Amino acid sequence: MLSPVRNLCVYIFTRFSERMNSPYFTDSVAVLGTCATNTKGESAVNKGGIRRLRSRMAQGIKSEDDSPNVKAEDHEQSISDAPLQTHAETPAETMSSCNNTTTKVKREAVDKQAALTSPRKPRRGRVKVEYEEEEGVELKRERWEPRDWRTQLSFIREMRSKRDAPVDQMGAEKCYDTEAPPEVRRYQVLISLMLSSQTKDHVTAGAMQRLRERELSVDAVLKLDDETLGKLIYPVGFWRTKVKYIKQATALIQQEFGGDIPDTVEGLMRLPGVGPKMAHLAMDIAWNQVSGIGVDTHVHRISNRLGWTKKETKTPEETRRALEEWLPRDLWSEINWLLVGFGQQVCLPVAPLCSVCLNQHTCPSAHRSSPNRKLKSSPAKPAINGPDDKLASPTALVKEEPADSSLSQRRKNTAKQEVPGNQLTSEEDAPSLLKKRSRRKGRAGAQQN
C-alpha cells in the first residue's frame, strides 16, 4: 500500500528539484536576492516576490507546453540578460522596476510569437502613379478642310477679276449715300440689306434710289405712312412684309439705340426682319468689323457644290457654321462677294456653266446637271442641212419615239402633203429629203423586228 504513495512523493520531489535547479529559477532568485539585499524590509519583499514568482512559474509551465521552444528560450535569455541594479532603491521602486522588466519581456515575446504564427499577409504599400507631361508639346485637334480649296479659290478670283457682276455694281455697299452723315450711311446699308432678301440686285438698287430721293433716314422713314413706303420699295420681294419690318426696326433704332444701328450682331438680330446673314454683312459694311460670314443662297449653293462643307448642309445658317470651322478668318469678308458674283455669272442655280468654269476638273458637282438621267454614249452625227453646220451634241439626238414609229411617220408625211405651200423649193432638197426618209424607215423596221 505504501509503494504507490512513495512513488508519487518521489516523482513530486524529483520534479520540484529539477525546477529549483534550473537556470531560470536560480537566475530569478539571484535577481530578487540582489534587489532585496539593497533595500529595507527584506523579509516582506522576498515573501511577495517569491509568491509572484511561483505564480509566474506556474503560468510559464502551462505556456511552455503550448508555445514553441523559441518563446521559452527568448524569455529565459531576456531574464538572464537583465541588468542588475547596484544603487539603493525604495521597496516600491524596486517592485515597480521588477514588474516593468518582466512585463516588457513578456510583451516582446508575445509580439515575436504573433509575428511568427500570424496567418495575415503583409499589406502591400500603395504605388504612386505619376504622369509625366512632355514640355513644349501642344496637343492640337486636327482641323478638317476641303481638298483643293485653295486652288478653287484662286480660280474663282481669276474668274471674278473683272468685277462686272450685278453685286459689284448694285450691291449693298454701293447703294448708300457716301456724302451723308455716318449714322445715316449705316442706316441706309441696313435698309438695303433688308430689301435685298429674295430680290434681284437691280430691283433693290431701284428701290434704294427712290427712297434716297425722299431722304432715307430714321426720322424721314418714321414720318412716312405704310402706303407711301410700299409704293417706294415696290416691286421688291415680299414688299408688304418688308414695309412692316422697316417701320418696326426704325422705331426700335430710334428708341433704344439713339438713332444709330446697333454695333453688335446680337443687337442687329433684335431688329425685326434681320437675320444672321444681314447682321454679319452690316457689321462688315457699316461698322468695318468682321464678325462672321454672310451666307446667302449663292454662297450656300456653291459651298455645297464645291464640297466646302464636311457634309451636305440644308440651310444657309448651317453652311455659315461649317465654313467658319475651317476657313481662315482673313477670308471671311472676301468670300461673300466672291461667291455671290460667281453664282450670278458662272455657277448659276439652274444649268451652271461648268464648261467655262476653271474648276470643272476639281469640282465634285461639275457636269451634274441631271444626275438621275443617264446619257447615251453614241457619237454625234453631222447636221443634214450642210457641211458647214457644227456637230450636234449627243444629248440633242436622244429623243423618245412612240412604239409604232412607222404609223407616226405616215401621219407626219400625210400632214405635210395636205398643208398648202409645203412643196420643194429647189432640186437640192430632194435627195436630202429622200435620204432622211429612208433612214427613218430603216430605224422603224429595226424596232419592229
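Conventions adopted
Every chain's residues receive numbers from 1 upward, in the order its sequence appears when written. Thresholds applied to this predicted model are a pLDDT of at least 70 for local features of residues and 80 or more for the giving and counting of side-chain atom pairs; totals over whole chains, interfaces and linings are not thresholded and use all residues. Heavy atoms throughout the structure, all of them, feed into the side-chain values; hydrogens and water do not. UniProt positions are given in the numbering used here, feature names are shortened, and annotations may be inferred rather than shown by experiment. For helices the rule is a DSSP run of H or I covering at least 4 residues; for strands it is a run of E covering at least 2, with both sets numbered from the N terminus onward. Helix span, expected: 1.5 Å multiplied by one less than the number of residues in the helix. Only protein chains enter the accessibility calculation, which uses a 1.4 Å probe. A residue is then buried if its area is under 20% of the maximum for its type, exposed if over 50%, and partly exposed in between. Contact criterion: two residues are considered in contact whenever any of their non-hydrogen atoms come within 4.5 Å of each other. Each Phe, Tyr or Trp ring (for Trp, its six-membered ring) is paired with any other whose centre lies within 6.5 Å, and the angle between the two planes then decides the class: stacked below 30 degrees, edge-to-face above 60, tilted in between. Salt bridges are counted wherever a side-chain nitrogen of Lys or Arg sits within 4 Å of a carboxyl oxygen of Asp or Glu. An axis is simply a line fitted to the C-alpha atoms; with a helix, the fit covers only the stretch in contact. Between two such axes, the angle follows the N-to-C directions and lies from 0 to 180 degrees. By the definition adopted for this analysis, an angle is roughly parallel if under 35 degrees, roughly antiparallel if over 145, roughly perpendicular if from 65 to 115, and oblique otherwise. Helix crossings fall into two classes, left-handed where the near helix is turned counterclockwise from the far one by less than a right angle and right-handed where it is turned clockwise.

- An unreviewed UniProt entry lists the protein under the name Endonuclease III-like protein 1, with Cyprinus carpio as the source organism.
- Entered under Catalytic activity (unreviewed entry) in the UniProt record, the comment concerning the protein runs "2'-deoxyribonucleotide-(2'-deoxyribose 5'-phosphate)-2'-deoxyribonucleotide-DNA = a 3'-end 2'-deoxyribonucleotide-(2,3-dehydro-2,3-deoxyribose 5'-phosphate)-DNA + a 5'-end 5'-phospho-2'-deoxyribonucleoside-DNA + H(+)".
- UniProt annotates the protein under Sequence similarities (unreviewed entry) with the comment "Belongs to the Nth/MutY family."

**Re helix α8 (residues 182-195)**
- Taking 1.5 Å per residue, 14 residues should reach 20 Å; α8 reaches 20 Å between its end C-alpha atoms and fits that length.
- Across the 14 residues that make up α8, a large majority, 11, are buried.
- Burial in α8 covers these residues: V184, R186, Y187, Q188, V189, L190, I191, S192, L193, M194 and L195.
- If you follow the buried residues of α8, they end up packed against α9 (201-213), α10 (218-223), α11 (226-233), α12 (239-256) and α14 (276-285).

**Digging into the packing of aromatic side chains**
- Evaluated as defined, the whole model comprises 4 aromatic pairs.
- On the numbers, 5.6 Å between centres and 85° between planes, the contact of Y234 with W239 is edge-to-face.
- A relative accessible area of 24% means that W239 is categorised as partly exposed.
- Note on W308 and W326: the rings are 6.0 Å apart at their centroids and 85° apart in plane angle, and the pair reads as edge-to-face. On the criterion of sequence distance, the pair formed by W308 in the loop between α15 (297-306) and α16 (316-326) and W326 in helix α16 is long-range, its members being 18 residues apart. Neither residue differs from the other here; W308 and W326 are each classed as buried.
- Through successive ring pairs, a cluster of aromatic residues spans W144, W149, W308 and W326.

**Quick notes on unusual backbone geometry**
- Following Y234, the chain continues to P235 via a peptide bond in cis, the omega torsion being 15°.
- Secondary-structure assignment places P235 in the loop between α11 and α12.
- Positive phi, close to 55°, is recorded for A351, a residue that is not glycine.
- On the secondary structure map, A351 appears in the loop between α17 (332-345) and α18 (394-397).

**A few points about the pattern of salt bridges**
- A full pass over the atoms with the stated rule returns 12 salt bridges.
- For R147, the salt bridge goes to D148, with nearest N and O atoms at 3.9 Å.
- Each of E317, R320, R321 and E324 takes part in a single network of salt bridges with overlapping partners.

**Observations concerning the packing of α8 against α9**
- Across the interface, α8 lies against α9 with an axial gap of 10 Å and an inter-helix angle of 140°. Considered as vectors, α8 and α9 are oriented oblique to each other. For α8 against α9, the interelement crossing comes out right-handed. Residues Q188, I191, S192 and L195 of α8 lie in contact with α9, whose contacting residues are T204, A207, M208, L211 and R212.

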